[in-house]
Amino acid sequence: MAEQHKEESVLEKISDKLHGRGGGSSSSSSDSDDERSSAAAAVKAKIYRLFGREKPVHSVLGGGKPADLFLWRNKRISGGVLAGATAIWLLFEVMDYHLLTLLCHCLILTLAILFLWSNATTFINKSPPNIPEVKIPEDLAVNVARSLRYEIIRGFATLREIGQGHDLKKFLIVIAGLWILSVLGSCCNFLTLSYIVFMVLYTVPVLYEKYEDKVDAFGEKVMVELKKYYAIFDEKCLSKIPKGPSKDKKQH
């Protein structure tokens, strides 16, 4: 009996040790899983995104139907908008149609069809056309006006800050952008420029979303090179230009 009791105690010790090791292995495996997930999250966080983007392209474009339109979520609607914009550009640019003439002709045709249809219903015993009443919600108009006002104020504030000589880098960026716009404006008229911008907005986001990783990797290399050249340019030229009084000095 004593030997049996000893054997049972030995077996219990062995099983306890095995269970203890199994629990340790499970805890160690869970710890390793946590470490892997945290490492994966760290690697994902370290991935370079263009312009410091942290959200998906759909969220950057504002989400909702406009983002779906630019990213071709519904190909029929996006294709219809593209065909309409192309037709408008062809009418005004290629066929030399004028906006006022086009609007007047479209209104004449629409009103003539509706007028004849409404009067013809009395002879053919059919219901007249149901012309919907157009209403613009007050909240929508107020929100659009507020957003437009905010963007205009922010633009003028940026121009004022640049004019006061506070930010040389922003000054150079704005000057370069305005110069590029002036060159484009001398090459084509406003309608063609608007159509080019529309085509860029309609093609670049969807292509970027498709080849996101490759574009971001290439953009990272380009940004590294640009920072090198900007540092050299800043050291040799920009640092020698006298800057305007800072805001702190003006307050004192």
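Residues numbered from 1 in each chain as written. Predicted model: local features only at pLDDT ≥ 70, side-chain atom pairs only at ≥ 80, totals over all residues. Heavy atoms only, no water.

For the chain, the name recorded in an unreviewed UniProt entry is Reticulon-like protein, with Urochloa decumbens as its organism. The record in UniProt for the chain states the following under Subcellular location (unreviewed entry): "Endoplasmic reticulum membrane". (UniProt positions renumbered as here; feature names shortened; annotations may be inferred.)

Chemist: Would you take a moment to explain the side chain of threonine 192 for this structure?
Modeler: Tracing the backbone through its elements, the reader meets threonine 192 in helix α8 (residues 190-210). Of the residues examined, threonine 192 reaches a relative accessible area of 12% and is grouped as buried. Beyond its immediate sequence surroundings of up to four residues, threonine 192 is in contact with Trp89 and Glu93. (Helix = DSSP H or I, 4+ residues; strand = E, 2+ residues; numbered from the N terminus. Buried < 20%, exposed > 50% of the residue type's maximum accessible area, 1.4 Å probe, protein only. Contact = heavy atoms within 4.5 Å.)

Chemist: Where do I start with the UniProt feature "transmembrane region" (unreviewed entry) in the chain in this structure?
Modeler: Mapped onto the present numbering, the UniProt feature "transmembrane region" (unreviewed entry) falls at residues 76-92, 98-117 and 171-204. Overall, residues 76-92 shows 100% helix and 0% strand. The separation of its end C-alpha atoms is 24 Å. Helix makes up 95% of residues 98-117 and strand 0%. Its end C-alpha atoms lie 29 Å apart.

Chemist: For this particular structure, what's the right way to read unusual backbone geometry?
Modeler: In this structure, tryptophan 72 is a non-glycine residue whose phi angle is positive, near 55 degrees. Along the chain, tryptophan 72 falls in the loop between α3 (64-70) and α4 (75-94). Overall, the relative accessible area of 25% leaves tryptophan 72 in the partly exposed class. Although it is not a glycine, aspartate 96 adopts a positive phi angle of roughly 55 degrees. Here aspartate 96 is to be found in the loop between α4 and α5 (99-124). A residue is classified by how much of its surface remains accessible, and aspartate 96, at 57% relative accessible area, is exposed.

Chemist: Even after reading the chapter, I still don't get helix α9 (residues 212-236), so can you show me in this structure?
Modeler: An α-helix turns once every 3.6 residues. As a result, residues three or four positions apart point the same way. With 25 residues, α9 should reach 36 Å at 1.5 Å per residue; the first-to-last C-alpha distance of 36 Å fits that figure. Among all positions of α9, only Glu212, Asp216 and Gly219 are buried. Packing partners of the buried residues in α9 comprise α8. (Expected span 1.5 Å × (residues − 1).)

Chemist: It is not clear to me how the packing of helix α6 (residues 138-163) against helix α7 (residues 168-187) should be interpreted in this structure. Could you clarify?
Modeler: When two helices pack together, their arrangement is given by the angle between the helix axes and the distance between those axes. It is the contact of α6 with α7, at a shortest axis distance of 9 Å, that shows an interaxial angle of 115 degrees. The hand of the α6/α7 crossing is left-handed. Residues Thr158, Glu161 and Ile162 of α6 form the contact with α7, whose participating residues are Lys170, Phe171 and Val174. A class-by-class count of the residues in the contact of α6 with α7 yields three nonpolar, one polar and two charged. (Axes fitted to C-alpha atoms, helices over the stretch in contact; angles between N-to-C directions. Left-handed = near helix turned anticlockwise from the far one by under 90°. Nonpolar A, V, L, I, M, F, W, Y, C, P; charged D, E, K, R; others polar.)

Chemist: Is there a simple way to explain the pattern of salt bridges in this structure?
Modeler: A side chain of one charge can pair with a side chain of the opposite charge when the charged atoms of the two come close. In this structure the tally under the stated criterion is four salt bridges. The salt bridge involving glutamate 151 is made with arginine 154; its shortest N-O contact spans 2.9 Å. Taken together, the residues glutamate 151 and arginine 154, both in helix α6 and three residues apart, mark about one turn of the helix. For glutamate 151, a relative accessible area of 42% translates into the label partly exposed. Since its relative accessible area comes to 45%, arginine 154 is described here as partly exposed. Residue lysine 228 is joined to glutamate 225 by a salt bridge in which the shortest nitrogen-to-oxygen separation is 4.0 Å. Taken as a pair, lysine 228 and glutamate 225 lie in helix α9 at a separation of three residues, close to a single helical turn. Assessed through its relative accessible area of 48%, lysine 228 is described here as partly exposed. (Salt bridge = Lys/Arg side-chain N within 4 Å of Asp/Glu carboxyl O.)

Chemist: Would you mind showing me how to read a nonpolar patch on the surface here?
Modeler: On the surface, a nonpolar cluster with roughly 1000 Å² of combined accessible area is contributed by Phe171, Leu172, Ile175, Leu178, Trp179, Ile180, Leu181, Val183, Leu184, Tyr230 and Phe233. Among the secondary structure elements, those contributing two or more residues to the nonpolar patch are α7 and α9. Broken down by element, the nonpolar patch gets its largest block of residues, nine residues, from α7. Its location among the elements puts isoleucine 180 in helix α7. Isoleucine 180 gets classed as partly exposed once you look at its relative accessible area, which sits at 45%. (Patch = residues over 30% accessible without salt bridge, like charges linked within 9 Å, V, L, I, M, F, W, Y side chains within 5 Å. Areas by Shrake-Rupley, 256 points an atom, 1.4 Å probe, with all protein chains shown as cover.)

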